[in-house]
Amino acid sequence: MGLEPSEEHFSLFWNKNRQIAQKKVIFYAAMAYVLLIIATLIGLGISLFFLKKNVIRIREKNKNEPKAYKRGLNYVLTGLWYGYLIVFFVGLTINNTIF
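Let us look at the structure shown here. Please read all numbers here as calculations on a predicted model, not as lab measurements.

Criteria and thresholds
Residues numbered from 1 in each chain as written. Predicted model: local features only at pLDDT ≥ 70, side-chain atom pairs only at ≥ 80, totals over all residues. Heavy atoms only, no water. Helix = DSSP H or I, 4+ residues; strand = E, 2+ residues; numbered from the N terminus. Buried < 20%, exposed > 50% of the residue type's maximum accessible area, 1.4 Å probe, protein only. Contact = heavy atoms within 4.5 Å. Expected span 1.5 Å × (residues − 1). Phe/Tyr/Trp six-rings, centres within 6.5 Å; stacked < 30°, edge-to-face > 60°. Core = buried A, V, L, I, M, F, W, Y, C linked by side-chain atoms within 4.5 Å. Salt bridge = Lys/Arg side-chain N within 4 Å of Asp/Glu carboxyl O.

**Focus: the overall build of the chain**
And then number 1: When you go through the chain residue by residue, the secondary structure sums to 2 helices and 0 strands.
And then number 2: Buried positions account for 15% of the 99 residues belonging to the chain.
And then number 3: When contacts within the chain are restricted to residue pairs at least 6 apart in sequence, long-range pairs at least 24 apart make up 72% of them.

Spelled out as structure tokens, the structure:
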């Protein structure tokens, strides 16, 4: 009868749904990368915030420290730790921007 779908109708329907599904997959993948980039930028901002906060704290703490090598070591160790975090988040951001 005339109510049964033809091959042509089925293939048009299938191709349209396939195109929609492909667009959704591309959109979801792009959104995942956008969220990853936002998360890494937030992590970078938090690292910079705490670096600044800890440098101020070390400056106050070093006023009472009589030994020069301990005063210098406080800055070096803090710089190494936050430098590692900053390099990590910058690298992660660059990695996520280059699909």
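**Considerations on helix H2 (residues 68–97)**
And then number 1: Spanning 30 residues, H2 covers 43 Å between terminal C-alpha atoms, matching the ideal 44 Å at 1.5 Å per step.
And then number 2: Among all positions in H2, only Asn74, Thr78, Tyr82, Leu85, Ile86, Phe89, Thr93 and Asn96 are buried.

**Some remarks on the packing of aromatic side chains**
And then number 1: Enumeration over the complete set of coordinates arrives at 5 aromatic pairs.
And then number 2: A centroid spacing of 5.8 Å and a plane angle of 55° characterise the contact between Phe27 and Tyr28, whose relative ring orientation is tilted.
And then number 3: Note on Tyr28: relative accessible area 53%, which makes it exposed.

**A closer look at the side chain of Asn62**
And then number 1: When you line up the elements, Asn62 lands in helix H1 (residues 7–62).
And then number 2: The residues contacting Asn62, other than those within four sequence positions of it, are Arg71, Asn74 and Tyr75.

**Describing the environment of Ile38**
And then number 1: You can see Ile38 is positioned in helix H1.
And then number 2: In this structure Ile38 comes out as partly exposed when scored by relative accessible area, which is 43%.
And then number 3: For the pair Ile38 and Thr93, spaced 55 residues apart in sequence, the C-alpha to C-alpha distance is 8.5 Å.

**Digging into the side chain of Asn54**
And then number 1: Here Asn54 lies in helix H1.
And then number 2: Taking relative accessible area as the criterion, Asn54 reaches 14% and is therefore assigned buried.
And then number 3: Apart from residues lying up to four places away in sequence, Asn54 is in contact with Thr78 and Tyr82.

**A few points about the nonpolar core**
And then number 1: Core analysis: the largest hydrophobic core is formed by 5 residues, namely Leu44, Tyr82, Leu85, Ile86 and Phe89.
And then number 2: Aside from chain neighbours lying at most four places away, what touches Leu44 is Ile86, Phe89 and Val90.

**Quick word on the pattern of salt bridges**
And then number 1: According to the stated counting rule, one finds 1 salt bridge in the structure shown.
And then number 2: A salt bridge links Lys63 to Glu60, with the shortest nitrogen-to-oxygen separation between them at 3.5 Å.

**Quick word on the environment of Gly83**
And then number 1: Within the element layout of this structure, Gly83 appears in helix H2.
And then number 2: Residue classification places Gly83 among the partly exposed residues on the basis of a relative accessible area of 29%.
And then number 3: C-alpha separation for the pair Gly83 and Leu48, spaced 35 residues apart in sequence, amounts to 9.3 Å.

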